[in-house]
Amino acid sequence: MASVPSQSSPQAVPHEQVVIIGAGAAGLTAGIYTARANLSPVILAGLQPGGQMTITTDVENYPGFANVIQGPWLMTEMQSQAENVGARVIYDIVTAVDASSRPFVLSLDSGGQMTADTIILATGAQARWLGLESEQAFNGRGVSACATCDGFFYKGREVAVIGGGNTAVEEALYLANICEKVTLVHRRDTLRAEQIMQDRLLRNEKIEVLWNRQVAEVLGDDGGVSGLRLASTVGEAELEIAVHGMFVAIGHDPATAAFARVVDLDDEGYILAEKGGTRTSVSGIFAAGDCVDKIYRQAVTAAGMGCMAALDAERWLGEQE
Ligand code: NDP
């Protein structure tokens, strides 16, 4: 006998005043501030709740902690803090945002929808990696994608930076102040970085540039990284260099694909926000953290921008009344 379809009524779409997309330092801080402003925010935590800090180990540069803390611990605390003041964290991924009508309509990976008066985009970015097995094996034990975060652990030692853009040059210069020697490894014979940065790099006696080289393997043992095996991109013989750390600086990918037709992005996919603020090209949608910022990229700056987005959203909601 054929079954009779159930007669359940369609579920009402939940409505929120503030929906925050992303649960890294920016999103959680926006959650803390909007919750304390009595706006009862929902934080949609995507694939990596806690953001990039959850793949970091020792954190020494987040203010407020005299001793080293762990990145995942910091993010768990931040989430608990947001929840304790009234933010609700939902584990779902936003697949689409319809900003053509008010309230905004968000479609979720789970199949549901929700509507929101205001949205804070805080989806972050991810460092690009070389994609080597050995790179993955030594991640956090000599391999890093953030000199500002991890450079201090290589004080007085020799390190390599991979890449030829502004980030790579900036990281090499930063590390030269801390380390004994920095080798910049670039796959071509010209840098992409701005000329002024290149001049600074080439003038620095602690930095050596290895042109036309690509990492073939990260070498090391239980004690961590001990060197790199470098292939040539112009047919020369392989080369091994001795280093204790490898900083990969080959770019970041902002997690903004779902918003490409919603708010204006720059040509690298970062969300364009007003100068010195968090308003995007769509009134009522704000953005904070590494999905906007390609310069500073720190947990503390992301948290600061999350606070700014929360205050901007609160003010914007007040203006609508
Ligand atoms: P970029 O995309 O500018 O540079 C990436 C570099 O990595 C390039 O030199 C590229 O080589 C190299 N690379 C890419 N993939 C690989 C790979 N698989 N193996 C080896 N090398 C690889 O990224 P950045 O992070 O440097 O900069 C991103 C944006 O942020 C830029 O617009 C930059 O100007 C901006 N920025 C600005 C700063 C500032 O103003 N202070 C600081 C930092 C960034 P190739 O050159 O051969 O393509």
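Parameters at a glance
- Residues numbered from 1 in each chain as written.
- Predicted model: local features only at pLDDT ≥ 70, side-chain atom pairs only at ≥ 80, totals over all residues.
- Heavy atoms only, no water.
- Pairing = 2+ DSSP bridges.
- Helix = DSSP H or I, 4+ residues; strand = E, 2+ residues; numbered from the N terminus.
- Axes fitted to C-alpha atoms, helices over the stretch in contact; angles between N-to-C directions.
- Parallel < 35°, antiparallel > 145°, perpendicular 65-115°, else oblique.
- Left-handed = near helix turned anticlockwise from the far one by under 90°.
- Contact = heavy atoms within 4.5 Å.
- Disulfide = S-S within 2.5 Å.

(A) The pairing of strand 16 (residues 239–242), seen in detail. Relative to strand 16, strand 15 (residues 224–232) runs antiparallel, the two being bridged by 4 bridges. In the sheet register, Gly227 faces strand 16, and the bridge partner there is Ala242. Counted between consecutive antiparallel strands, the loop separating strand 15 from strand 16 contains 6 residues, among which Gly235 sits at a positive phi close to 80°.

(B) Focus on the packing of helix 1 (residues 25–36) against helix 7 (residues 299–320). Running from N to C, helix 1 and helix 7 cross one another at 40°; their axes reach a closest spacing of 7 Å. Between helix 1 and helix 7, the crossing angle belongs to the class labelled oblique. As helix 1 packs across helix 7, the resulting crossing turns out to be right-handed. For the pair helix 1 and helix 7, the contacting residues are Ala25, Ala26, Thr29, Ala30, Tyr33 and Thr34 in the first and Ala299, Ala302, Ala303, Gly306, Cys307, Ala310 and Leu311 in the second.

(C) Representation of the state of the cysteines. Counted by the stated rule, this structure contains 1 disulfide. Two residues, Cys146 and Cys149, share a disulfide whose sulfurs are 2.1 Å apart. Since a negative S-S torsion denotes a left-handed disulfide, the Cys146-Cys149 link at about 75° is right-handed. Of all cysteine sulfurs, the one in Cys307 lies closest to Cys291, which takes part in no disulfide; the gap is 16 Å.

Honestly, it's all geometry; don't read function into it.
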